[in-house]
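So you can see what is in the structure, the chains are spelled out below.
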Amino acid sequence: TISLHPETLISVTRDICLSLANHGFKKIIVVNGNRSANLPALTIALKTLHEHELPNVQFAIVDPMKIAKGFAKKHQTTPEHHGGPIEISHMLYKHPELVDKSRLNNPKLDLKAKFSRFFSDDIYGKCEDTIDIPWSSAQQRDFSPSGVFSDSTSATPELGKAYHEYMVANLVEYINWLKTH
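Residues numbered from 1 in each chain as written. Predicted model: local features only at pLDDT ≥ 70, side-chain atom pairs only at ≥ 80, totals over all residues. Heavy atoms only, no water.

## Things to note about the packing of helix α5 (residues 85-94) against helix α8 (residues 157-179)
Our working rule: For helices, the fitted axis covers only the stretch in contact; all axes are lines through C-alpha atoms, and the angles between them, taken along N-to-C directions, range from 0 to 180 degrees. Think of it this way: any DSSP run of H or I at least four residues long counts as a helix, any run of E at least two long counts as a strand, and we number them from the N terminus. Roughly parallel means an angle under 35 degrees; roughly antiparallel means over 145; roughly perpendicular covers 65 to 115; every other angle is labelled oblique. By definition in these notes, contact holds between two residues if any of their heavy atoms fall within 4.5 Å. Residues are sorted three ways: Asp, Glu, Lys and Arg are charged, Ala, Val, Leu, Ile, Met, Phe, Trp, Tyr, Cys and Pro are nonpolar, and all the rest, Gly among them, are polar.
Where α5 contacts α8, the axes come no closer than 7 Å and their chain directions differ by 95°. Taken together, α5 and α8 sit at an angle that is classed as roughly perpendicular. Along its contact with α5, which presents P85, I86, S89, H90, L92, Y93 and K94, the element α8 presents P157, L159, G160, K161, Y163, H164 and M167. Classifying every residue of the contact of α5 with α8 by side-chain character gives eight nonpolar, four polar and two charged.

Below is the structure:
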């Protein structure tokens, strides 16, 4: 894992978007591959650019956690969080060589006990009232040494393929809409 400070991600995103705009791009889609973790920094970068420097550029952020909610409603069988079955299935489909199947597990973490009843242990599922509660890498290693928050044992390449195709179809639909607006 290579970690960037949020300020660094904001600066890199800003520089890339400014460069694209200088080359004439008027519509920029940023695809976040880290399922929600980078959203605050990406949102700050694009909102600030759009508000103060590039008001004529249309921005969008695509995040798997948001673009695949409909998929999760149909296919999810267990709560999904960090290292959950949908996320691992996607890796099994796209990059199976990076998944150590012997490490798939069900950690049975009580995330509500760790973070309060306001913490959502299911990023796709029905939520009650929530409060965003950030945690550090050290805390994560402490309460989940494997990095897995959800039962990843049901992950399959087939589920990952369906998930991937669902997200791509949604993104293509959005791009086609964007072309006419």
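## Here's the deal with the packing of helix α1 (residues 6-22) against helix α2 (residues 39-52)
Quick reminder of the rule: Each crossing gets its hand from how the near helix is turned against the far one by less than a right angle, where anticlockwise is left-handed and clockwise is right-handed.
Look at α1 against α2: their axes get within 8 Å of each other, and the N-to-C directions meet at 40°. In terms of orientation, α1 and α2 fall into the oblique class. In the packing of α1 onto α2, the handedness of the crossing is right-handed. Seen from α1, the contacting residues are P6, L9, I10, T13, R14, C17 and L18; seen from α2, they are A41, L42, I44, A45, L46 and L49. Of the residues in the contact of α1 with α2, the class split is 11 nonpolar, one polar and one charged.

## A short note on the packing of aromatic side chains
Ring pairs (aromatic) are described by centroid distance and by the angle formed between their planes. For clarity, the threshold we go by: In this analysis, rings of Phe, Tyr and Trp, with Trp reduced to its six-membered ring, are considered paired at centre separations within 6.5 Å, and the interplanar angle assigns stacked below 30 degrees, edge-to-face beyond 60, and tilted for intermediate values. Burial status follows relative accessibility: with a 1.4 Å probe on protein chains alone, a residue under 20% of its type maximum counts as buried, one over 50% as exposed, and anything between as partly exposed.
Taken as a whole, this structure holds 10 aromatic pairs when the rule is applied. Ring geometry for F115 versus W135: centroids 5.5 Å apart, planes at 35°, classification tilted. A residue pair is termed long-range when its members are at least 10 positions apart, and F115 in helix α6 (residues 111-115) and W135 in the loop between α6 and α7 (137-143) qualify at 20 residues. A residue is classified by how much of its surface remains accessible, and F115, at 9% relative accessible area, is buried. On the basis of relative accessible area, W135 is assigned to the partly exposed category, the value being 27%. Ring plane angle 25° and centroid distance 5.8 Å describe the contact between Y174 and W177, whose orientation is recorded as stacked. Within this pair, Y174 and its partner W177 are both found in helix α8, separated by three residues, close to a single helical turn.

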